[in-house]
Amino acid sequence: GQQVQQSPASLVLQEGENAELQCNFSSTATQLQWFYQRPGGSLVSLLYNPSGTKHTGRLTSTTVTKERRSSLHISSSQITDSGTYFCYQGGRALIFGTGTTVSVSP
Amino acid sequence: GPKVLQIPSHQIIDMGQMVTLNCDPVSNHLYFYWYKQILGQQMEFLVNFYNGKVMEKSKLFKDQFSVERPDGSYFTLKIQPTALEDSAVYFCASSLWWGTEVFFGKGTRLTVV
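The rules behind these values
- Residues numbered from 1 in each chain as written.
- Chains lettered and ligands numbered in written order.
- Predicted model: local features only at pLDDT ≥ 70, side-chain atom pairs only at ≥ 80, totals over all residues.
- Heavy atoms only, no water.
- Contact = heavy atoms within 4.5 Å.
- Buried area = accessible area lost by both parts, 1.4 Å probe.
- Salt bridge = Lys/Arg side-chain N within 4 Å of Asp/Glu carboxyl O.
- Polar contact = N/O pair within 3.5 Å; in protein donor to acceptor, adjacent residues only side chain to side chain.
- Helix = DSSP H or I, 4+ residues; strand = E, 2+ residues; numbered from the N terminus.
- Nonpolar A, V, L, I, M, F, W, Y, C, P; charged D, E, K, R; others polar.
- Pairing = 2+ DSSP bridges.
- Axes fitted to C-alpha atoms, helices over the stretch in contact; angles between N-to-C directions.
- Disulfide = S-S within 2.5 Å.
- Buried < 20%, exposed > 50% of the residue type's maximum accessible area, 1.4 Å probe, protein only.
- Core = buried A, V, L, I, M, F, W, Y, C linked by side-chain atoms within 4.5 Å.

Quick look at the interface of chain B and chain A
Contact residues are listed per partner, giving 17 residues for chain B and 19 residues for chain A. Surface buried jointly by chain B and chain A totals about 1500 Å² across both partners, of which 58% is contributed by carbon and sulfur atoms. Across the contact surface, chain B and chain A share 0 salt bridges. The tally of links between chain B and chain A comes to 8 residue pairs in polar contact (both at pLDDT 80 or more). Of all elements in the fold, only strand 4 (31-37), strand 5 (43-50) and strand 10 (102-104) of chain B reach the threshold of two or more residues within the side of chain B that touches chain A. In the side of chain B that touches chain A, the residues fall into 8 nonpolar, 5 polar and 4 charged.

So, the pattern of salt bridges
All names here are of chain A. For the coordinates displayed, the defined rule picks out 3 salt bridges over all chains. Among the ionic pairs, Asp81 bridges to Arg58, the shortest N-O distance being 2.8 Å. Residue Asp81 is found in the loop between strand 8 (69-74) and strand 9 (83-89), and its partner Arg58 is found in the loop between strand 6 (52-56) and strand 7 (59-64); the two are separated by 23 residues along the sequence.

Side note on the sheet that holds strand 8 (residues 75-79) of chain B
Residues and elements named next belong to chain B. As summarised here, the arrangement of the 4 strands in space is 1-3-8-7, forming an open sheet in which the pairing is antiparallel. On the outer flanks of this sheet lie strand 1 (5-7) and strand 7 (65-68), each paired with one strand and no other. For this sheet the average axis-to-axis angle between neighbouring strands, irrespective of direction, equals 20°.

Brief notes about the state of the cysteines
Tallying each qualifying case throughout the model produces 2 disulfides over all chains. Put simply, Cys23(A) and Cys87(A) are joined by a disulfide, and their sulfur atoms are 2.0 Å apart. Note on the Cys23(A) and Cys87(A) pair: the S-S dihedral is about 75°, so by sign convention the disulfide is right-handed. With Cys23(A) in strand 3 (residues 19-25) and Cys87(A) in strand 9, this pair connects stretches of sequence that are 64 residues apart. In this pair, the class of Cys23(A) matches that of Cys87(A), namely buried. The disulfide partner of Cys23(B) is Cys92(B), and the gap between their sulfur atoms is 1.8 Å. The S-S bond linking Cys23(B) to Cys92(B) shows a torsion near -65°; that makes this disulfide left-handed. Taken together, the residues Cys23(B) in strand 3 (residues 19-24) and Cys92(B) in strand 9 (residues 88-95) connect sequence positions 69 residues apart.

What to know about the nonpolar core
Counting residues in hydrophobic clusters, the biggest one holds 23 residues, and the most contacted among them are Trp34(B), Leu46(B), Val67(B), Phe75(B), Leu77(B) and Tyr90(B). Among the secondary structure elements, those contributing two or more residues to this core are strand 3, strand 4, strand 5, strand 7, strand 8, strand 9 and strand 11 (108-112) of chain B. The residues contacting Phe75(B), other than those within four sequence positions of it, are Leu21(B), Asn22(B), Cys23(B), Pro25(B), Phe32(B), Tyr33(B), Trp34(B), Phe49(B), Val67(B), Glu68(B), Arg69(B) and Cys92(B). In terms of nonpolar packing, the next biggest core, distinct from the first, is built from 19 residues, Leu32(A), Leu72(A), Tyr85(A) and Cys87(A) among them.

As structure tokens, then:
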């Protein structure tokens with residue numbers, strides 16, 4: 001079946017460090033989105049990026065459709081960035097990735 | 001941005017009873033979705049819906065589940081009867097068209113006791 005794999009599974013950062021999260025998907029149909037979720041919290045949509053590079057605030061996503069991958073770069077991490085980041089492949093797939101749990105400490 | 005509203009935010013129900021989860025999708029959206037998330041686990045696709053019909057459903061969408069959107073009102077997920085393993089957060093989502101950006105609600109936390 002179709003899969004969306006994320007790496008790393010978890011990441012520990014010191015405040016101010018940058019982070020790169022990876023998402024690999026099995027289908028070329030992208031409609032790729034990145035979401036954020038705190039434990040027990042609602043989903044927050046970060047970026048809709050089916051292809052190319054998109055920015056919002058300290059976040060940058062690059063999706064390379066042919067290579068079936070997307071990345072999310074967090075610059076100058078803050079404690080409030082702690083939580084789980086999911087990539088989501090819509091369209092035919094309708095699948096969430098396995099998630100990357102980010103923990104930012106002072 | 002566009003908002004998907006889910007009502008109620010929390011619901012506690014006795015096992016075996018019926019429950020209806022309500023979703024108010026973005027007003028001009030045509031595609032609707034339900035996802036299920038058990039605490040601490042991955043989000044899992046249940047079903048999507050378009051033009052009054054279920055388009056796709058996963059193995060998690062048991063026979064006890066049904067969805068409908070009568071006359072453009074709420075998009076609902078009904079579970080009848082409920083089971084303990086139905087306890088989870090259910091997220092509703094909508095998109096304007098197939099393959100476009102999907103907008104999610106804040107979820108309804110369902111506890112079956």
